[in-house]
Amino acid sequence: MKHFARAGFLGATLAALTTASAFAQTAWDMPTPYADGIFHTQNIIQFADDVREATGGSLDITVHSANSLFGHAEIKDSVQDGIVPIGEFLLSRLANEDPIFALDSIPFLAASYDEAEKLWAVSREAVSAKLAEDGLTVLYAVAWPGQSLYLRQEVTDPAQMQGLNFRAYNVATERLAALLGATPTQVEETDIATAFSTGRVEAMITSPSTGANAKAWDFVSHYIDTQAWLPKNIIVVNTDAFEALTEEEQAAVLEAAAAAETRGWAMSREETDAKIAELEAGGMQVSQPSEALAAKLAEVGETMTAEWTEQAGEEGQAIIDAYRNQ
Ligand code: PCA
């Protein structure tokens, strides 16, 4: 015992000496919108651990998940304004700033992982260039699993969606709801269960990850597996803050980001089926869309693709062409 106590004392003394030495430490706070149980958050925590390890602790990122430091709507501006150096948000939340940010939220334009990866490959440069204008450097982006419908009854005829209070999480889901004749209401992911239980919303489209995390079976009975698009979360750093790091630290951040991108997409792919199984185990009816519903959703997708191309002009058309010709 005595021996261990001494070792502990020595360890503590060394730690104190290290802290008191010229060892420079940069502490970064990182706001993120989603809960700890969501794979994106787990991936970010791993990213922060990797950076800490690769820099020998000189860059220490603290993750503040689930809107606990800033609400989702403020995260981008808080990084841009340098209030925090790094953050995560849903890329398509920026649709009002530029249509390029909404490309990944168009139904059935890119509805599988392979397509979503291609779409990111052809749009990454344009997204990064736009964010660079705001003083932001893109570190990585990871897709959510495909977006599917959550309802309180079996829906085979799209007309059954008319008038439903429909949860939206960006401009595209608002537009989708409107095109289905439903009434959209913006609700943050962290508020889903409350919004359903208080009757603000009664239907939604989101991933099995978000559905399972919210225990959707407590407030909806039917999951229709449309997997209509795979929206992305993006991790950005304030460019000035990044450039203030040592070269070694910058390299460590970029390396950890590249690893997080690969790992995140793999996590996303892997959990799609597992989370659908969780919804089923919770008691939800899982089904494929009826022909009529699939046709309606395809039509909505075409309308939204046309609207997007119109808004995004030549640059947008060039990206869509590159995507389709790949
Ligand atoms: N979950 C987030 C965004 C997309 C998703 O699958 C949400 O529902 O808010």
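Residues numbered from 1 in each chain as written. Predicted model: local features only at pLDDT ≥ 70, side-chain atom pairs only at ≥ 80, totals over all residues. Heavy atoms only, no water.

Observations concerning the site of the ligand
Taken together, Tyr 34, Trp 144, Gln 147, Arg 167, Tyr 169, Glu 189, Thr 206, Ser 207, Thr 210 and Pro 231 are the residues near the ligand. One of the side-chain N or O atoms of Arg 167 is found 2.7 Å from an oxygen atom in the ligand. Contact between the ligand and Ser 207: an oxygen atom at 2.6 Å from a side-chain N or O atom of the residue. Burial of the ligand by the protein amounts to 99% of the accessible area it has alone, namely 260 Å². (Near = heavy atom within 4 Å. Polar contact = N/O pair within 3.5 Å; in protein donor to acceptor, adjacent residues only side chain to side chain. Areas by Shrake-Rupley, 256 points an atom, 1.4 Å probe, with all protein chains shown as cover.)

Here's the deal with the nonpolar core
One finds Phe 47 and Ile 234 to be the most contacted residues of the largest nonpolar core, which totals 82 residues. For this core, the element with the highest residue contribution is helix α10 (residues 291-325), accounting for 9 residues. Core analysis: the second largest hydrophobic core is formed by 16 residues, Tyr 150, Val 187, Ile 192 and Val 220 among them. (Core = buried A, V, L, I, M, F, W, Y, C linked by side-chain atoms within 4.5 Å. Buried < 20%, exposed > 50% of the residue type's maximum accessible area, 1.4 Å probe, protein only. Helix = DSSP H or I, 4+ residues; strand = E, 2+ residues; numbered from the N terminus.)

Quick look at empty space enclosed by the protein
Tallying each qualifying case throughout the model produces 3 cavities of 30 Å³ or more. In this model, the largest cavity occupies a volume close to 110 Å³. Forming the boundary of the largest cavity are 13 residues, of which Tyr 34, Leu 90, Trp 144, Arg 167 and Tyr 169 lie nearest the centre. Class assignment of the residues belonging to the lining of the largest cavity gives a composition of 5 nonpolar, 4 polar and 4 charged. Considering only enclosed or pocket space, the second largest cavity measures out at about 50 Å³ in volume. If you trace the second largest cavity, you find it lined by Leu 103, Asp 104, Ser 105, Ile 106, Leu 109, Ala 110, Ala 116, Leu 119, Trp 229, Leu 230 and Lys 232. (1 Å grid on protein atoms, 1.4 Å probe; cavity = no way out; pocket = protein on both sides within 12 Å on 5 of 7 lines; lining within 4 Å. Points joined across faces, edges and corners; volume = space filled by probe spheres on them. Nonpolar A, V, L, I, M, F, W, Y, C, P; charged D, E, K, R; others polar.)

As for unusual backbone geometry
Here Asn 67, not a glycine, exhibits a phi torsion of approximately 60°, which is positive. Looking at where Asn 67 falls in the secondary structure, it is placed in the loop between β2 (59-64) and α3 (72-80). When its relative accessible area of 19% is taken as the criterion, Asn 67 is described as buried.

Digging into the pairing of strand β6 (residues 165-168)
One ladder, built from 4 bridges, connects β6 with strand β7 (residues 183-186); its direction is parallel. Looking across to β7, one finds that Asn 165 is bridged to Thr 183. Traced from β6 through helix α5 (residues 171-179) to β7, the parallel crossover comes out right-handed. (Pairing = 2+ DSSP bridges. Right-handed = clockwise from strand over helix to strand, strands pointing away.)

Quick notes on the packing of helix α2 (residues 39-54) against helix α9 (residues 247-281)
Where α2 meets α9, the axes come as close as 9 Å, and the angle between the chain directions of the two elements is 155°. The orientation of α2 relative to α9 falls into the category roughly antiparallel. Crossing handedness for the pair α2 and α9: right-handed. The residues of α9 that touch α2, namely those facing Phe 39, Gln 42, Asn 43, Gln 46, Phe 47, Asp 50, Val 51 and Ala 54, are Ala 252, Val 253, Ala 256, Ala 257, Ala 260, Arg 263, Gly 264, Met 267, Ser 268 and Glu 271. (Axes fitted to C-alpha atoms, helices over the stretch in contact; angles between N-to-C directions. Parallel < 35°, antiparallel > 145°, perpendicular 65-115°, else oblique. Left-handed = near helix turned anticlockwise from the far one by under 90°. Contact = heavy atoms within 4.5 Å.)

Quick word on the packing of α5 against α10
Between α5 and α10, the least distance of the axes is 10 Å, while the angle of their chain directions is 130°. By the criterion of interaxial angle, the relationship of α5 to α10 is oblique. In terms of crossing hand, the pair formed by α5 and α10 is right-handed. Of α10, the residues touching α5 (which contributes Ala 172, Arg 175, Leu 176 and Leu 179) are Lys 296, Leu 297, Val 300, Thr 303, Met 304 and Glu 307.

Let's talk about the environment of Ala 256
With respect to the secondary-structure elements, Ala 256 resides in helix α9. Overall, Ala 256 belongs to the buried group, its relative accessible area being 7%.

Quick notes on the pattern of salt bridges
In a structure, side chains of opposite charge can pair up when their charged atoms sit close to one another. If you walk through the whole model with that rule in mind, you get 15 salt bridges. Salt-bridge contacts for Asp 98 lead to Lys 130; the nearest nitrogen and oxygen are separated by 3.5 Å. Here the residue Asp 98 occupies a position in the loop between β3 (86-90) and α4 (113-133), and Lys 130 occupies one in helix α4, the gap between them amounting to 32 residues. This pair shows no difference in class: Asp 98 is buried, exactly as Lys 130 is. Where Arg 124 meets Glu 261, a salt bridge forms, and the shortest distance between an N and an O atom there is 3.0 Å. (Salt bridge = Lys/Arg side-chain N within 4 Å of Asp/Glu carboxyl O.)

Observations concerning the packing of aromatic side chains
The tally for this structure, following the rule as stated, stands at 5 aromatic pairs. Between Phe 196 and Phe 219, the ring centres sit 4.4 Å apart and the planes meet at 25°, which makes this aromatic pair stacked. Taken as a pair, Phe 196 in helix α6 (residues 192-197) and Phe 219 in the loop between α7 (208-213) and β9 (222-224) lie far apart in primary sequence, 23 residues in all. For the pair Phe 196 and Phe 219, one class covers both residues: buried. Among the aromatic residues, those joined into a cluster by ring pairs are Tyr 34, Phe 39 and Trp 144. The ring of Tyr 323 carries Lys 118 above its face, with NZ or CZ at 5.9 Å from the centroid. (Phe/Tyr/Trp six-rings, centres within 6.5 Å; stacked < 30°, edge-to-face > 60°. Lys NZ or Arg CZ within 6 Å of the ring centre and 35° of its normal.)

Observations concerning the pairing of strand β10 (residues 232-238)
Here β10 lies mainly inside the structure; 7 of its 7 residues are buried. Of the pairings in the sheet, the one linking β3 to β10 comprises 5 bridges and is antiparallel in character. Paired with Phe 89 across the strands is Ile 234, a residue of β10. Pairing of strand β4 (residues 136-143) with β10, which is carried by 7 bridges, proceeds in the antiparallel orientation. Paired with Leu 136 across the bridge in β10 is Asn 238.

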